[in-house]
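Below are the chains, spelled out letter by letter.
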Amino acid sequence: MLLVQKTINAVVNKISTETQHLAAPYYNHIFNMDSLNQGIPKAYGGYFRADMGGYSLSPALFADDWPPPVSCAVSMAYSATTEAAAVNFLTGTAHRSQFNRESIDYAIYSPQNSYVLPDSTAFDDTLVNALTWMVNAARMDLTLDSTLARNPSPTVDYTTSGEQLGIDFLSDLTAFFSHMFYISGSTLYLLDMAADNGSRTLAENDYFAPVESPVDYFNNVPCAIAKAGEYSQQSAHLYGDEIAETAFETEQAKIEAALALIITYQNKDRARLAIPFIGDLPSPGEKISWTDTSQVVSTDMWIRARIIQYDFDNDQIIIEGEGAVSET
Amino acid sequence: MKVLYPNSYATTIEASEADASYPITNVQDSNTQKIWKATSADVVVSLMCTAGATAVVVFNTNATAISVVTRQSLGLDPQADNASWGLDTQLADASWGLQPTLQTAISADYDISASTIGQLWADFATYTESFVVDLVMTAAAGTVIQAGIIQAGIPKEYKDPQYVIPEGFKDYSIKKELNSGGFYVRKRSVARRLSFRLLEDRDVDFYEFMYDVVQVVGPGPLAWRIVSKNNTDWEWIIFALFDDELPQGSHDHKKYSYIDIALIEAI
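Residues numbered from 1 in each chain as written. Chains lettered and ligands numbered in written order. Predicted model: local features only at pLDDT ≥ 70, side-chain atom pairs only at ≥ 80, totals over all residues. Heavy atoms only, no water.

Participant: Describe the pattern of salt bridges, and please don't skip the residues or the numbers.
Facilitator: What the rule picks out here adds up to 24 salt bridges over all chains. Glu286 of chain A is paired through a salt bridge with Arg200 of chain A; the nearest N and O atoms lie 2.6 Å apart. On the criterion of sequence distance, the pair formed by Glu286 of chain A in the loop between strand E25 (269-276) and strand E26 (287-292) and Arg200 of chain A in strand E20 (residues 199-202) is long-range, its members being 86 residues apart. Summarising the burial analysis for this pair, Glu286 of chain A and Arg200 of chain A share the class buried. Across the pair Asp123 of chain B and Lys2 of chain B runs a salt bridge whose closest N-O atoms are separated by 2.9 Å. Of this pair, Asp123 of chain B sits in strand E10 (residues 120-123) while Lys2 of chain B sits in strand E1 (residues 2-4), placing them 121 residues apart in sequence. (Salt bridge = Lys/Arg side-chain N within 4 Å of Asp/Glu carboxyl O. Helix = DSSP H or I, 4+ residues; strand = E, 2+ residues; numbered from the N terminus. Buried < 20%, exposed > 50% of the residue type's maximum accessible area, 1.4 Å probe, protein only.)

Structural data, given as structure tokens:
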């Protein structure tokens, strides 16, 4: 069940899509809710960012607070059992987009780390150490968890040009080295794209049939050549597209190694499947495996979760990622 | 058929116990899911009612038995009649002054354990002055009693509907096909639906129903006892809105008119 706490004029209102009689009641003031999408920007890594459209609320919720406030703090959690067991998955701001006599619409924005990286900042260390420096209290003010980062960590040799948001810089930097990261609470988790952030195996009655949801086995447009600076790497698919990245290293061998991994992740088998809201929510980078006997030949697939879409209105979680498909 | 309107004769409502997150005032809302919760399986809810009320309804409750006790409020009753000022034990004709009110409470017991729907419609004799309705609610040990709606008022009574009376459900559950070929089902609310036709005297019943009830309350919801003349089954009681459109009338006879009504349970 979706549990939302929306602060209206300093009062916390507990609301949901259905009335929930928990330790405290959550009333069904949410008429409908856009999907919450979380994902990385590139097939080979970057910042696992939450992107939520918004929700429509009952005018009755604002009967004592009219007109509806322009901006409200909002937190969203999910629980299969009790309020105490709820897992928070978004804390952000709801900004009023429109209202009429039938509903109040808010767009939801996730918090932004506003640290700006100065011009000509030089990095000459490992990726993990670069992030350790970035999350320092004087800069992004987070704690780094690099348990699932690559070991040994790839080296960075790069000097920035112009000011840029620290979070955007980290997204490009980690993607170049085929890492992803996500922020939960005050911790930044850095993951090698080859690492499993937990795992689960689904039976065929654990996920929805294609007739109900967009279960797909697919591939990206292949990468033919990946370039960074003056160096490049080719793939076996020369009819594909070109990927151009900033070179965060200066040594040819290290750049080419990074580009080879980029091609690998861009060209991997991909799948998207939908599961019901049962049990634990999937984690970013979690390995998910299943067998699909509905194909002409029984098929095994595994992916790591790179894009997770919480579709509350249809009671499903759509998970997408890269992995490998094979005959059972 | 009875419909409870007006339904706001309970001026105040109190419970002998309540969960702080689920106050007793929740039952005065028209949302059946905005519930009051007690803290045990035995509780008394007291409604201070305006004179004239002759029925009380309870919806979305898990109580298995409810005793409806009506009594005038205990205390001192002003006496506007003969005799002296002052306090008087009132053993003869009345006097001016204040009289202890010791009227006998009237109690009726309702066993609603056979119904899993959790609702009560209780009629009672009214009083000429404000009075109290006590709902003594009990349930199995370990249960925490709750209720979604409690209203008191004056039912308007009409002829029972003509048979046939279609009855069914609107299902809000989610059912999705799994890759294995089975179904994932998440049970959500299932609302009852009923539709029926009344044949009423045009003047007064038809006009009263259409203009004093329907036009005033609009979609509802209201408490209904669909068949009331010779049937006390709880299944005929429903807290419902008009389904899609308001009732339609048809003046097919010189003195009588049809009213077509479709209801959907308020959940």
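Participant: Any details on the sheet that holds strand E12 (residues 104-109) of chain A? Residues and values, ideally.
Facilitator: Residues and elements named next belong to chain A. Strand order in this open sheet of seven strands is E2-E1-E10-E11-E12-E9-E5, and the pairing throughout is antiparallel. Only two strands of the sheet have a single neighbouring strand rather than two, namely strand E2 (11-15) and strand E5 (30-33). Pairwise comparison of adjacent strand axes, ignoring direction, gives a mean angle of 30° for this sheet. Two elements, strand E10 (residues 71-78) and strand E11 (residues 87-99), share eight bridges in a ladder whose sense is antiparallel. (Pairing = 2+ DSSP bridges. Axes fitted to C-alpha atoms, helices over the stretch in contact; angles between N-to-C directions.)

Participant: Go over the confidence of the model for chain B with me, naming the residues and quoting the values.
Facilitator: Residue and element names in this part refer to chain B. On average, residues of chain B carry a pLDDT of 88, and 88% of them reach 70 or more. Considering only residues more than four positions removed or in separate chains, one finds that residues 80-94, a stretch of pLDDT under 50, has 28 contacts. Confidence metrics for the complex model read pTM 0.78 and ipTM 0.72. (pLDDT = per-residue confidence, 0-100. Contact = heavy atoms within 4.5 Å.)

Participant: So what's going on with the interface of chain A and chain B? Residues and values would help.
Facilitator: Each partner contributes residues to the interface: chain A has 28 residues there, and chain B has 18 residues. Surface buried jointly by chain A and chain B totals about 1,800 Å² across both partners, of which 48% is contributed by carbon and sulfur atoms. Across the contact surface, chain A and chain B share three salt bridges. When the shortest N-O distance is used, the salt bridge between Glu18 of chain A and Arg186 of chain B registers 3.0 Å. Here chain A is connected to chain B by 13 residue pairs in polar contact (both at pLDDT 80 or more). Among the residues making up the side of chain A that touches chain B, the classes are represented as 13 nonpolar, nine polar and six charged. (Buried area = accessible area lost by both parts, 1.4 Å probe. Polar contact = N/O pair within 3.5 Å; in protein donor to acceptor, adjacent residues only side chain to side chain. Nonpolar A, V, L, I, M, F, W, Y, C, P; charged D, E, K, R; others polar.)

Participant: I'd like a description of the nonpolar core, backed by residues and values.
Facilitator: Counting residues in each nonpolar core, the largest one holds 86 residues, and the members touching the most others are Tyr55, Met76 and Leu173 of chain A. With 43 residues, the next largest nonpolar core counts Tyr9, Val27, Tyr110 and Leu135 of chain B among its residues. (Core = buried A, V, L, I, M, F, W, Y, C linked by side-chain atoms within 4.5 Å.)

Participant: How would you sum up the packing of helix H1 (residues 127-134) of chain A against helix H2 (residues 166-176) of chain A? Please name residues and give values.
Facilitator: Residues and elements named next belong to chain A. At a closest axis distance of 12 Å, the pairing of H1 and H2 adopts a crossing angle of 175°. Relative to H2, the element H1 is oriented roughly antiparallel. Along its contact with H1, which presents Leu127, Ala130, Leu131 and Met134, the element H2 presents Gly166, Phe169, Leu170, Leu173 and Thr174. Partitioned by chemical class, the residues of the contact of H1 with H2 number seven nonpolar, two polar and no charged. (Parallel < 35°, antiparallel > 145°, perpendicular 65-115°, else oblique.)

Participant: Pulling in residues and values, what's your account of the packing of aromatic side chains?
Facilitator: Taken as a whole and assessed by the stated rule, the structure comprises 31 aromatic pairs over all chains. When the centroid spacing of 5.2 Å and the interplanar angle of 40° are considered together, the rings of Phe59 of chain B and Phe239 of chain B count as tilted. Here Phe59 of chain B is found in strand E5 (residues 55-59), whereas its partner Phe239 of chain B is found in strand E20 (residues 237-242), with 180 residues between them in sequence. Grouped by ring-pair contacts, the aromatic residues Phe123, Trp133, Tyr158, Phe169, Phe176, Phe177 and Phe248 of chain A constitute a single cluster. Sitting over the ring of Tyr106 of chain A, Lys6 of chain A keeps its end group 3.5 Å from the ring centre. Directly above the ring of Phe183 of chain B sits Lys175 of chain B, whose terminal nitrogen or CZ lies 4.6 Å from the centroid. (Phe/Tyr/Trp six-rings, centres within 6.5 Å; stacked < 30°, edge-to-face > 60°. Lys NZ or Arg CZ within 6 Å of the ring centre and 35° of its normal.)

Participant: So what's going on with the environment of Lys14 of chain A? Which residues, and what values?
Facilitator: All names here are of chain A. Its place among the elements puts Lys14 in strand E2. Residue Lys14 is classed as partly exposed on the basis of its relative accessible area of 25%. Once the C-alpha coordinates of Lys14 and Ile104 are considered, the two residues, 90 residues apart in sequence, prove to be 16 Å apart. Here Lys14 is in contact with Val4, Gln5, Ala24, Pro25, Tyr26, Tyr27 and Glu83, once residues within four sequence places are set aside. Among the polar contacts listed, one links the side chain of Lys14 to the side chain of Glu83, at a separation of 2.6 Å.

Participant: Tell me about the sheet that holds E5 of chain B, and name the residues and values.
Facilitator: Residues and elements named next belong to chain B. Strand order across the open sheet formed by three strands is E10-E5-E13, with antiparallel pairing between neighbours. Each of the sheet's edge strands pairs with one partner strand only, and the pair in question is E10 and strand E13 (149-153). Taken over all neighbouring pairs, the strand axes of this sheet differ in orientation by 10° on average, direction set aside. Where E5 lies against E13, five bridges are found, and the strand directions are antiparallel. Residue pairing across strands places Val58 opposite Ile150, the latter belonging to E13.

Participant: Provide a residue-level description of the side chain of Glu249 of chain A, including the pertinent values.
Facilitator: All names here are of chain A. Relative to the elements of secondary structure, Glu249 occurs in the loop between strand E24 (241-245) and helix H3 (252-266). Here Thr155 takes part through its side chain, which lies 2.5 Å from a polar atom of the side chain of Glu249. A polar contact of 3.2 Å, which involves the side chain of Glu249, links it to the backbone nitrogen of Glu251. Not counting the four nearest positions on each side in its chain, Glu249 is found in contact with Thr155, Val156, Asp157, Phe176, Phe177, Lys254 and Ile255.

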